[in-house]
Amino acid sequence: MDVGPALAAVRAAPTLLQGMREARALAAAAAAAPGDDSLSTLRSAALTSDPLTATAAVHALGAMDHPSAGCVLTDLLSGERRYVAEHAVDALRNTPLVGAALPVLADVCREGGFAGMLAQRTLEQWASQGPDEVRAALVGELRTCTDPVGRARLVETLGLVAGAATTQALLDHAADDDEALPVRAAALAALGDGPAADRSAEPLLVALTRSMGPLAQTARLALHDLCPAPTVPAPGGLTVAQVFLHSDIDGRLHHSGQGDTGGIATLLVHLGDALLRRQPRIGRVLTISGGSPDPAQFPLARIRSLDSPTPGSELLTAGHHYARVQLTGAPSGVSRAWPARVSARRGIRRVLRTAGHVDAIHLRMADVGSMAAAEVACELDIPVVLTLAPDPQALIEARDTAGTLTRSGFGEADLVEHLWFRDRLLLDLTEKADHLALFPRPQVERDLQRYLGLDLSDRPERATVVGEGVDVSALGRAVREVRDEAVRGSAAAVALRELDDLLATLPTARRGLPVAVSVGRLNAVKGMATLVRGWVDDPDLHDRCNVLLVGGDLEHPTDEEAAELARIDAVVPAAEAAERGLLLAGHRPNATTIAWLAALRAARAGVGGLPGIYVSASLKEEFGIAILEAMAVGLVVVAPAGGGPATYVAHGETGILTATSTPYAVAAAMHAALDLAAAPGAEARGRQAQDMVRTRFGIDIMAASLAAVYQRVAAPRRPGRTGGRGSTGTTAGPVRHDAMEGAS
């Protein structure tokens, strides 16, 4: 297809998602026909007032093999439309180095944020073509920059440029006592890991490790990177790594529901433990999350330096290990963590190198952690398994349909949410993954085509349908403990007292009402404010039940949490919440949450006279761990009609499936769920939900399925076997549907 018709297809696309799919065809057409006419057409399109068309044209320019394409993109860097300039920064990464763009990119890099990350990626790519030119631009920007944070970003980027001159510049910054601490820390990290890392930095690093100053830990990590311990044989069985950097994951899930520590954190803890029960196939699981590395924890139990012994095999023992990657900057959620790409990559590389042989790494999101981990996996030749969910694609479609995201407003929304980049990142991860794990959906192959434009018919062996799982044994124990009123002093008894105390803050007249509970992150996509709005705007519903929201850090909320709390407060002011029947409990350990769900199902004394219900008002839910947990204790659930819940919620029997884009629809579904919970046969329907979870979605069933996947992707790379990057060791056939999925 020529550029003209391809561009017309973008303009005429009836939906945002279709326009984004047509943009891929436009880029392919531009790459195939890089003539002057195509260049002129795309230059004009990049200046159009339609944000979707302009963005598509910018990336098509980046795909062109035309000597002037980079110059056109450079001109766009100074335009008034920020979203066009930001995409031009990204698109330049695919063009040859343009000297005129270097000072602009260095300035964007200094400013930071998402655009700064894009500029850093482009400069890193260009550094392989012209290290001297890139170094000169960064050094020039450093001469005029006085902000310590901006200087640290520039020094971090300088560390991505190879050459002795770079190493010397980093040494100068690291050793300068008058330099700001963030700048010195960035230089030290680059001296340990990166193109400019060199053993000449070892004396400085050793000296700083022996100090008591704030740079000692940074120097220890850099020295560990520069002088890695020799690899010793791994324990029997496979070693599998799983990554989620946007929470501090510990084995007891103390941070559950805080920030971005949602269902995925619960899943990784329980899955890691379950995988080890699949011995001898799995010998080690490394769960890599964000946080401050503790020298007493794997993988840095002993940091190697000149005067310390070589770390021993205790670092490579079998079991479930939790490793933390320290990201630069203040803690941030998924949407704001992009600038931490370099520190994330260093941290993940450190964990994987320290671990020795790693047979597979499992990625689950199109986020900075997956982006960094995929780069490291390619470098270390570690097979990648990707859980492929259409995010943000499903969200874009839902908002497009609801009218809350329009073509005219796409550019401004993209500046905040980075929708275009996340879409392309997911497609790139998909293309490079060795194997894809797909969530159960009513029509999974159709949805892959619809949301991603992905057709697996030519390589169906690359994908396996694997539902997520919950720890059914632990859930069963919680139900029994609540039923028996628990043993005095036990964890369950403490949790029940906390719930009773919370419910005691309600007015006396409301304490006998059933409770509609929702558990999850305080994030707009989870729909907590939508739930509250639907409940308040329907007087009958408000008089019929109370609402309990579990999740979020109420004392020190992230920006996303604060925004959702503000939306809730606009409906029910915090000072009036309990009086009106709304309880915000904040984040609680997973075990506490499960005990509360079981108590609300049992309607025990002090928790109201009628069984409660569980409500997920998420705009999208690819699977829904919290929904499954609620069903595992027998609660009737309200869940989104699209995505994963439709494969396991029996509408009208174990729950209510509904559109969740409007408060009215959520309220109507809550009425129906309350009716269902109180109707004859409720006990039998509760057991039906529990049996479904136990037989189809137990964590051990999920672990067995994934263990087989890890075995297949690892086999071509194991000693004595052949196979290159991308091999799966499987034979052709239809997309695999795991046995645990069962009938919908």
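Worth saying up front: this structure is predicted, and the values here are computed from it rather than measured.

Caption draft 1: View of the overall build of the protein chain. In terms of regular secondary structure, the protein chain is built from 31 helices and 14 strands. For the protein chain, with 744 residues in total, the buried portion stands at 58%. A separation threshold of at least 6 residues defines the contact pool for the protein chain, and within that pool the share at least 24 residues apart is 74%. Carbon and sulfur atoms make up 53% of the accessible area of the protein chain, which amounts to about 28100 Å² in all.

Caption draft 2: Expanded view of the pairing of strand β2 (residues 282–290). In terms of burial, β2 is a largely internal element, 9 of the 9 residues being buried. Pairing geometry for β2 and strand β3 (residues 319–325), over 7 bridges, is parallel. For valine 285, the partnering residue across the bridge sits in β3 and is histidine 320.

Caption draft 3: Seen up close, helix α7 (residues 102–111). For α7, every residue scored as buried is listed here: Leu102, Leu105, Ala106, Val108 and Cys109. Down the axis of α7, the buried side of the element spans an arc of 160°, and every buried residue falls inside it. Glycine 112 sits one or two positions beyond α7 and adopts a positive phi of about 80°.

Caption draft 4: Region of the structure containing helix α12 (residues 181–192). Taking 1.5 Å as the rise per residue, α12 with 12 residues should run 16 Å; its terminal C-alpha atoms sit 17 Å apart, in good agreement. Looking at α12, one finds that the buried residues are Val183, Arg184, Ala186, Ala187, Leu188, Ala190, Leu191 and Gly192. In this structure, the buried residues of α12 make contact with α10 (148–158), α11 (164–175), α13 (202–209), α14 (216–226) and α16 (341–355).

Caption draft 5: Structural view of the packing of aromatic side chains. Counted under the stated rule, the structure contains 8 aromatic pairs. Summarising the aromatic geometry, the rings of phenylalanine 114 and phenylalanine 421 are spaced 5.3 Å apart at their centres and angled 85° between planes, so their arrangement reads as edge-to-face. Of this pair, phenylalanine 114 sits in helix α8 (residues 113–127) while phenylalanine 421 is found in helix α20 (residues 419–432), placing the two residues 307 residues apart along the sequence. With a relative accessible area of 8%, phenylalanine 114 lands in the buried category. For the ring pair phenylalanine 439 and phenylalanine 623, a centre distance of 5.7 Å and an interplane angle of 20° mean the geometry is stacked. Of this pair, phenylalanine 439 sits in the loop between β6 (435–438) and α21 (444–452) while phenylalanine 623 sits in the loop between β11 (613–615) and α28 (625–632); the two residues are 184 residues apart in sequence, bridging distant segments of the chain. With respect to class, phenylalanine 439 is no different from phenylalanine 623; both count as buried. Connected via pairs of aromatic rings, a cluster forms that spans Phe439, Phe623, Tyr648 and Phe697.

Caption draft 6: Structural view of the sheet that holds strand β8 (residues 515–519). Strand order across the open sheet formed by 6 strands is β10-β9-β8-β11-β12-β13, with parallel pairing between neighbours. Strands at the two margins of the open sheet, each flanked by one partner only, are β10 (582–586) and β13 (655–658). Each neighbouring strand pair of the sheet contributes to a mean axis angle of 20°, computed without reference to strand direction. The strands touched by helix α24 (residues 528–537) within the sheet are β8, β9 (546–550), β10 and β11, with β9 carrying the most contacts at an inclination of about 175°.

Caption draft 7: Broad picture of the pattern of salt bridges. Here the structure, examined in full by the defined rule, presents 35 salt bridges. The residue glutamate 124 makes a salt bridge to arginine 345 at a minimum N-O spacing of 3.0 Å. Residue glutamate 124 is located in helix α8, and its partner arginine 345 is located in helix α16; the two are separated by 221 residues in the primary sequence. Classification of arginine 345 as buried rests on a relative accessible area of 10%. Where salt bridges share partners, they join Asp107, Arg110, Glu111 and Glu141 into one cluster.

Caption draft 8: Structural context of the packing of helix α15 (residues 263–276) against helix α31 (residues 699–714). The N-to-C vectors of α15 and α31 enclose an angle of 70°; their axes lie 9 Å apart at closest approach. Regarding the angle of α15 to α31, the classification is roughly perpendicular. Handedness of the α15/α31 crossing: right-handed. Contact residues: α15 offers Leu267, His270, Leu271, Ala274 and Leu275, while α31 offers Ile699, Asp700, Met702, Ala703, Leu706, Ala707 and Tyr710. A breakdown of the residues in the contact of α15 with α31 according to their chemical character gives 10 nonpolar, 1 polar and 1 charged.

Caption draft 9: Main features of the confidence of the model for the protein chain. Here the protein chain shows a mean pLDDT of 87. Residues at 70 or above account for 87%. Predicted confidence for residues 294–315 stays below pLDDT 50, and this span has 49 contacts to residues more than four positions away or in other chains. Taken as a whole, residues 738–744 scores under 50 in pLDDT and shows 18 contacts with residues more than four places along the chain or in a different chain.

Caption draft 10: Broad picture of unusual backbone geometry. Omega for the peptide link from aspartate 391 to proline 392 comes to 20°, which places this bond in the cis form. Positive phi values are uncommon outside glycine, yet aspartate 381 reaches one of about 55°. Following the sequence through the fold, aspartate 381 ends up in the loop between α17 (368–380) and β5 (384–388). Overall, aspartate 381 belongs to the partly exposed group, its relative accessible area being 42%.

Caption draft 11: Expanded view of the side chain of arginine 422. Among the secondary structure elements, arginine 422 is positioned in helix α20. Not counting residues within four places of it along the chain, the set of residues in contact with arginine 422 comprises Trp338, Ala366, Asp391, Pro392 and Glu417.

Caption draft 12: How the structure looks around the side chain of threonine 53. By secondary structure assignment, the location of threonine 53 is in helix α4 (residues 51–63). Judged by its relative accessible area of 0%, threonine 53 is buried. A polar contact of 2.5 Å, which involves the side chain of threonine 53, links it to the side chain of aspartate 50. Beyond its immediate stretch of four places on either side in the chain, threonine 53 contacts Leu7, Val10, Arg11, Ala45, Thr48 and Arg407.

Criteria and thresholds
Residues numbered from 1 in each chain as written. Predicted model: local features only at pLDDT ≥ 70, side-chain atom pairs only at ≥ 80, totals over all residues. Heavy atoms only, no water. Helix = DSSP H or I, 4+ residues; strand = E, 2+ residues; numbered from the N terminus. Buried < 20%, exposed > 50% of the residue type's maximum accessible area, 1.4 Å probe, protein only. Contact = heavy atoms within 4.5 Å. Areas by Shrake-Rupley, 256 points an atom, 1.4 Å probe, with all protein chains shown as cover. Pairing = 2+ DSSP bridges. Arc of directions from axis to C-beta. Expected span 1.5 Å × (residues − 1). Phe/Tyr/Trp six-rings, centres within 6.5 Å; stacked < 30°, edge-to-face > 60°. Axes fitted to C-alpha atoms, helices over the stretch in contact; angles between N-to-C directions. Salt bridge = Lys/Arg side-chain N within 4 Å of Asp/Glu carboxyl O. Parallel < 35°, antiparallel > 145°, perpendicular 65-115°, else oblique. Left-handed = near helix turned anticlockwise from the far one by under 90°. Nonpolar A, V, L, I, M, F, W, Y, C, P; charged D, E, K, R; others polar. pLDDT = per-residue confidence, 0-100. Polar contact = N/O pair within 3.5 Å; in protein donor to acceptor, adjacent residues only side chain to side chain.

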